[in-house]
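Below, each chain spelled out in residue letters.
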Amino acid sequence: MMFTIPWRRFNLTNAAVILGLAGLVWLFALQRAIIPRFGAAGYLDELFAICVVGIALVRLILGRWDKLDTFVYLSMLLLTIIGLVSNTCSGLLDNKFAIVIDIISTFKVILAFLWVKDIECDRDRVIRIAARIGRAVVVVMAVCMAVSLFKDIGMTSNPRYGMQSFRFVFNNAGNCSKFFYFLVPLLLADLKSGITQWKKATLVLACILWLLTLRSRAFSFVALLAVFAFLYFRGGGKKIPIRWYHVVLLGAVAVYFSWDKLIQYFMTSTQARGILLRYSIVTMMAYFPLGSGFGTYGSDIAATYYSPLYEQYGFRRFYGMGHGHTHYLNDNYWPMIFGQFGIFGTALMVGILGSIHKKIFISLKNDRYYLFAAVCAMAFLLLSSVASKSYSEFSSICIFLLLGLLVPRRGEQTELSGDKGKEE
């Protein structure tokens, strides 16, 4: 039989969109590894955010946005107003360019989600292509780790528990661990298109490589993933509803595996994360009720311009929090929200994230594998936000792009994935 190409079904524009989205997701997934080798890549997230802001404004003006997102858009507008008013009242930062950059940093992952979820394309195909790349990356990582056991090739560092931590092409093992917040949910989502031995093997291998970063969050999240998978899929082909006691159990598992680090970070007087949290409350009360404003506490801009609050609080006394060594000044997320936006701004941000999570749950309630992948991604980010800036750093853009691709466009229905997910 002669092989023929189905030209009528081939659409160059659709193919370009699908490949472009898969490539964009992976570009942001590897951005942190690219930056040391190509410094200009550090501006990709800001450039992307500016483009997305422009698209969002055009959609709003033309009335072509999902009306269910009205609360999120209004909340971001109110939060921006609160931050700008706080900047005027506190007088701590008057550099308008720095303020604009901090506004972009605050909302870029949310805007990425809102943008991609409304793009018209074959989302399942984007996920499949991105997952194939992901499985290839897992194999490369496994080979590199195996070689590193016998020869130093520059992909391990920071010995823990008597062995070297795996960092792959990232600058440290912690950032390599964060990479799996995206990779594991991506591989899980692709189970919707059919479960094969190869898919299962690469997923398990990815979890093993994650553990080899030797980070406490890696141990916690892999254990969390295993328990959640058991609870969620224990009914065979039936969809198991998520109950409140599931959440309690999963939380207990995460706390158990992270207890030592929680004590170290938040119960001592010299650890940066504990210091940032305590003084965020001080800042919230000192500038009650609107906070100190954009770029003044806990953000990248606050570290770059070394906020006057840090001088006032004597942060220079602590390692990683003084002039010239500021890498711990933006090491977690919620202290930034507490300090910069006060009680009202915190409530708005909780509402924004809660609204997005609710939309994802509702949209995927009939899609077994996409829902599982989305819940895992959201749980990784939420739990990580206690100890990192997970909702404002550029490495989270790929995760929010993935979440946006999992959510069906308005008016579309996700097909039940119970049959497709059967093992082949």
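Remember, predicted model here, so these are calculated numbers, not experimental data.

S.K.: What is the right way to read the pairing of strand E1 (residues 156–160) from this model?
M.R.: In summary, the side chains of a regular strand alternate between the two faces of the sheet. Here three bridges tie E1 to strand E2 (residues 163–166), and the two strands are oriented antiparallel to one another. Paired with Thr-156 across the bridge in E2 is Phe-166. Linking E1 back to E2 in an antiparallel pair, the connection comprises two residues, with Tyr-161 at a positive phi of about 55°.

S.K.: Help me understand helix H11 (residues 272–286) in this model?
M.R.: In an α-helix there are 3.6 residues to a turn, and that puts residues three or four apart on one side. Taking 1.5 Å per residue as the helical rise, H11 with its 15 residues ought to reach 21 Å, and the 20 Å between its terminal C-alpha atoms agrees with that figure. Along H11, the residues classified as buried are Ala-272, Arg-273, Gly-274, Ile-275, Leu-276, Ser-280, Thr-283 and Met-284.

S.K.: Whenever I open this one, the environment of Tyr-232 confuses me. Can you help?
M.R.: Here Tyr-232 lies in helix H9 (residues 216–233). Overall, the relative accessible area of 2% leaves Tyr-232 in the buried class. Considered as a pair, Tyr-232 and Arg-368 are 136 residues apart in the sequence and their alpha carbons are 9.2 Å apart.

S.K.: What is the right way to look at the packing of aromatic side chains in this model?
M.R.: Any pair of aromatic rings gets described here by the distance separating the centres and the angle formed by the planes. This model, assessed by the stated rule, comprises 30 aromatic pairs. Between Trp-26 and Phe-182, the ring centres sit 5.2 Å apart and the planes meet at 85°, which makes this aromatic pair edge-to-face. On the criterion of sequence distance, the pair formed by Trp-26 in helix H1 (residues 12–29) and Phe-182 in helix H7 (residues 173–189) is long-range, its members being 156 residues apart. The burial state of Trp-26 is the same as that of Phe-182; both residues are buried. An angle of 55° between the planes, with centres 5.9 Å apart, marks the rings of Tyr-161 and Phe-219 as tilted. With a gap of 58 residues between them, Tyr-161 in the loop between E1 and E2 and Phe-219 in helix H9 connect regions that are remote in the sequence. What links up through ring pairs into an aromatic cluster is the set Trp-26, Phe-170, Phe-179, Phe-180, Tyr-181, Phe-182, Trp-210, Phe-221 and Phe-380. We note Lys-192 situated over the ring of Tyr-370; from NZ or CZ to the ring centre the distance is 4.3 Å.

S.K.: Is there a simple way to explain the pattern of salt bridges in this structure?
M.R.: Pairing is possible between side chains of opposite charge, provided their charged atoms come close. In this structure the tally under the stated criterion is 13 salt bridges. A salt bridge links Asp-124 to Lys-192, with the nearest nitrogen and oxygen atoms 3.6 Å apart. One end of the pair, Asp-124, is in helix H6 (residues 123–148); the other, Lys-192, is in the loop between H7 and helix H8 (197–211), with 68 residues separating them in the sequence. For Asp-124, a relative accessible area of 19% translates into the label buried. According to the relative accessible area criterion, Lys-192 is buried, its value standing at 6%. Between Lys-192 and Asp-367 there is a salt bridge, and its shortest N-O distance comes to 2.8 Å. Of this pair, Lys-192 sits in the loop between H7 and H8 while Asp-367 sits in the loop between helix H14 (334–363) and helix H15 (368–384), and the two are 175 residues apart along the sequence.

S.K.: Would you explain the nonpolar core in this entry?
M.R.: One broad rule of soluble globular proteins: the nonpolar side chains tend to lie buried together. By size, the foremost hydrophobic cluster in this structure holds 113 residues, and its most contacted members are Ile-110, Phe-182, Met-349, Leu-401, Leu-403 and Leu-406. For this core, the element with the highest residue contribution is helix H5 (residues 96–116), accounting for 13 residues. For Ile-110, the contacting residues outside a window of four places in its chain are Val-72, Met-76, Met-349, Ile-352 and Ile-356. Core analysis: the next-biggest nonpolar cluster, separate from the first, contains 15 residues, Leu-276, Ala-303, Leu-309 and Phe-318 among them.

S.K.: Even after reading the chapter, I still don't get H15, so can you show me in this structure?
M.R.: Taking 1.5 Å of rise per residue, 17 residues should cover 24 Å, and H15 covers 24 Å from first to last C-alpha, within 8% of that figure. The buried fraction of H15 is high, at 14 of 17 residues.

S.K.: Please explain the packing of H1 against helix H16 (residues 397–406) as it appears in this structure.
M.R.: Pairs of packed helices are described in terms of their axes, by the angle between the two and the distance that separates them. Put simply, H1 and H16 touch, their axes get as near as 7 Å, and they point 150° apart. Taken together, the axis directions place H1 and H16 in an arrangement best described as roughly antiparallel. Of the residues in H16, those in contact with Leu-21, Leu-24, Val-25, Phe-28 and Ala-29 of H1 are Ile-397, Cys-398, Leu-401 and Leu-405. Its residues assigned to classes, the contact of H1 with H16 shows nine nonpolar, no polar and no charged.

Definitions and cut-offs
Residues numbered from 1 in each chain as written. Predicted model: local features only at pLDDT ≥ 70, side-chain atom pairs only at ≥ 80, totals over all residues. Heavy atoms only, no water. Pairing = 2+ DSSP bridges. Helix = DSSP H or I, 4+ residues; strand = E, 2+ residues; numbered from the N terminus. Expected span 1.5 Å × (residues − 1). Buried < 20%, exposed > 50% of the residue type's maximum accessible area, 1.4 Å probe, protein only. Phe/Tyr/Trp six-rings, centres within 6.5 Å; stacked < 30°, edge-to-face > 60°. Lys NZ or Arg CZ within 6 Å of the ring centre and 35° of its normal. Salt bridge = Lys/Arg side-chain N within 4 Å of Asp/Glu carboxyl O. Core = buried A, V, L, I, M, F, W, Y, C linked by side-chain atoms within 4.5 Å. Contact = heavy atoms within 4.5 Å. Axes fitted to C-alpha atoms, helices over the stretch in contact; angles between N-to-C directions. Parallel < 35°, antiparallel > 145°, perpendicular 65-115°, else oblique. Nonpolar A, V, L, I, M, F, W, Y, C, P; charged D, E, K, R; others polar.

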